[in-house]
Amino acid sequence: MKVLLEVSARHVHLSIADFKRLFKADAELTVKRELSQTGQFLSNDKLDIISSKSNLSGVSILGPLRRETQVEISVTDSLKLGIEVPIRESGDLDGTPGCKLATQHGQINIKHGLIVPKRHVHLSLDSARKNGFENGQILSVKVNSNGRSLFFFDTVARVHKDFMDAIHIDTDEANAAGVKGGIFCEVEAI
Ligand SMILES: [Zn+2]
């Protein structure tokens, strides 16, 4: 099946407690732009990710607030920070490294939560059923581009009734394929 490819830049999801530590007590996340997945949004707020070696400034915070803080960066970002960061699915944070997060209002040290997001395909129940795909199944994505076409193996299917069909890769992966997103790519069982 053909699915829309979207490229995720580095971003942060914050817990309510961490949000309160980083912003004024009465602050709330405000919506800059709705994202493709229902209820998810790019907020107007940003923060800095700080390591002992370097930092990434002006990183977008995505909403809504979550149970746990999660920082999603690329491998290139992890090299800049000098932190070895594992490739993980969203929410799988056991044993991941931490970092410092800072805004002009405050800063916190998170003990864990840094991940390089594993590339994935969001699928509605209907699309998954029609194509015989199951949640957690490993799929491949064929990207046709001008000079850097490739297959992304190891792409995990995430099936949920609230999902819109979308392939999510990060900026390193998009650069490797020579694409910027907004194109449709063939998703296949391996
Ligand atoms: Zn996603």
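These figures come from a predicted structure and were not determined experimentally.

Engineer: How do you make sense of the overall build of the protein chain when you look at a structure like this?
Structural biologist: The number of helices and strands found in the protein chain is 4 helices and 15 strands. For the protein chain, whose C-alpha radius of gyration is 17 Å, the value lies close to the compact-globule estimate of 16 Å for 190 residues. With the principal axes as the frame, the protein chain shows a C-alpha extent of 45 × 35 × 30 Å. The buried share among the 190 residues of the protein chain stands at 45%. In the protein chain, the share of contacts with a sequence separation of at least 24, taken over all contacts with a separation of at least 6, comes to 67%. Looking at the protein chain, you have 24 positive and 24 negative side-chain charges, and the mean spots of the two groups are 4 Å apart.

Engineer: Please clarify how the pattern of salt bridges should be interpreted in this entry.
Structural biologist: Side-chain pairing between opposite charges can occur once the charged atoms of the two side chains come close. Enumeration according to the criterion identifies 7 salt bridges in this entry. The partner of Glu68 in a salt bridge is Arg67, with the nearest N and O atoms 3.9 Å apart. With relative accessibility at 29%, the residue Glu68 sits in the partly exposed group.

Engineer: Can you walk me through the coordination of the zinc ion in this structure?
Structural biologist: Four donors placed tetrahedrally around a metal ideally meet at 109.5 degrees, and six donors placed octahedrally ideally meet at 90 or 180 degrees. Listed as protein donors to the zinc ion are His120 (NE2), His122 (NE2) and His168 (ND1); their distances from the metal cover 2.0 Å. Donor residues binding the zinc ion come from one chain and are separated in sequence as H-x1-H-x45-H. Judged by relative accessible area, which is 4%, His122 ranks as buried.

Engineer: How do you make sense of the packing of aromatic side chains when you look at a structure like this?
Structural biologist: Two aromatic rings are characterised by how far apart their centres lie and by the angle between their planes. This model, assessed by the stated rule, comprises 2 aromatic pairs. When the centroid spacing of 5.8 Å and the interplanar angle of 15 degrees are considered together, the rings of Phe151 and Phe153 count as stacked.

Engineer: Help me understand the environment of Ala174 in this model?
Structural biologist: Tracing the sequence through the fold places Ala174 in helix H4 (residues 171-177). When its relative accessible area of 2% is taken as the criterion, Ala174 is described as buried. The sequence separation of Ala174 and Val143 amounts to 31 residues, and the corresponding C-alpha distance is 9.6 Å. Among all residues touching Ala174, those that are not within four sequence positions of it are Val7, Ile169 and Val179.

About the thresholds
- Residues numbered from 1 in each chain as written.
- Predicted model: local features only at pLDDT ≥ 70, side-chain atom pairs only at ≥ 80, totals over all residues.
- Heavy atoms only, no water.
- Helix = DSSP H or I, 4+ residues; strand = E, 2+ residues; numbered from the N terminus.
- Rg over C-alpha atoms; globule rule 2.2 N^0.38 Å.
- Buried < 20%, exposed > 50% of the residue type's maximum accessible area, 1.4 Å probe, protein only.
- Contact = heavy atoms within 4.5 Å.
- Lys, Arg positive; Asp, Glu negative; His and termini not counted.
- Charge placed at Lys NZ, Arg CZ, Asp CG, Glu CD.
- Salt bridge = Lys/Arg side-chain N within 4 Å of Asp/Glu carboxyl O.
- Donors = N, O, S within 2.8 Å, 3.2 Å for Na, K, Ca; no water.
- Phe/Tyr/Trp six-rings, centres within 6.5 Å; stacked < 30°, edge-to-face > 60°.

Geometric values such as these leave the question of function open.
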